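# Structural features, examined
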Amino acid sequence: MNNQFLANTLLFHGIREDEIKALLPCLEPREAHYGKEAIIYRAGDTVSSIGLVLKGSVNVIVNFFWGNCNIFGHVGCGEIFAETYAILPGRELIC
């Protein structure tokens, strides 16, 4: 992980790079790479950790029963997503 990059995100705002280095093992971070059309979480999934965009961006899309979909949000580089569900153990994502 790039501690300098992390220190410049809102998630780690005010935390020094050496402190981030010490914190990371406790947070059990993992890196994942997703393609352009990849789905990270679907309705019904449970989320146990927040996402932090390291490169690129993520669209939060809501699919409606009748087939339409809307972009509910856009998460850019250095921003977090899925935090609301990550703090609710066992809670399923809803659309």
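A brief structural summary. The shown structure was predicted, so the numbers you read here are calculated from the model rather than taken from an experiment.

With the rule as written, the count across this model stands at two salt bridges. Here R16 ties to D18 by a salt bridge, and the two come within 3.1 Å at their closest N and O atoms. Residue classification places D18 among the partly exposed positions, given a relative accessible area of 47%. Across the pair E19 and R16 runs a salt bridge, and its minimum N-O distance is 3.3 Å. Overall, the relative accessible area of 32% leaves E19 in the partly exposed class.

On inspection of all chains with the given rule, the structure shows one aromatic pair. Aromatic side chains F64 and W66 sit 5.3 Å apart centroid to centroid with 5° between the ring planes, which places their arrangement in the stacked category. Look at W66 and you get exposed, because its relative accessible area is 62%.

Quick look at a nonpolar patch on the surface now. Taken together, the side chains of L11, I50 and I80 define a hydrophobic patch exposed on the protein surface, amounting to about 200 Å² of accessible area. Within the secondary structure layout, L11 lies in the loop between α1 (3-7) and α2 (17-27). What makes L11 partly exposed here is its relative accessible area of 36%.

With that settled, the discussion passes to the environment of E17. Tracing the chain through its elements places E17 in helix α2. Given the relative accessible area of 39%, E17 is considered partly exposed. Taking the C-alpha atoms as reference points, E17 and Q4, 13 residues apart in sequence, are found 6.1 Å from one another. For E17, the contacting residues outside a window of four places in its chain are N3, Q4 and A7.

Let us look at the side chain of N3. Tracing the sequence through the fold places N3 in helix α1. By relative accessible area, which is 16% here, N3 ends up buried. Those residues in contact with N3 that sit more than four places away from it in its chain are E17, I20, K21 and L24.

What counts, and at which threshold
Residues numbered from 1 in each chain as written. Predicted model: local features only at pLDDT ≥ 70, side-chain atom pairs only at ≥ 80, totals over all residues. Heavy atoms only, no water. Salt bridge = Lys/Arg side-chain N within 4 Å of Asp/Glu carboxyl O. Buried < 20%, exposed > 50% of the residue type's maximum accessible area, 1.4 Å probe, protein only. Phe/Tyr/Trp six-rings, centres within 6.5 Å; stacked < 30°, edge-to-face > 60°. Patch = residues over 30% accessible without salt bridge, like charges linked within 9 Å, V, L, I, M, F, W, Y side chains within 5 Å. Areas by Shrake-Rupley, 256 points an atom, 1.4 Å probe, with all protein chains shown as cover. Helix = DSSP H or I, 4+ residues; strand = E, 2+ residues; numbered from the N terminus. Contact = heavy atoms within 4.5 Å.

All quantities given are derived from atomic positions and should not be read as evidence of function.
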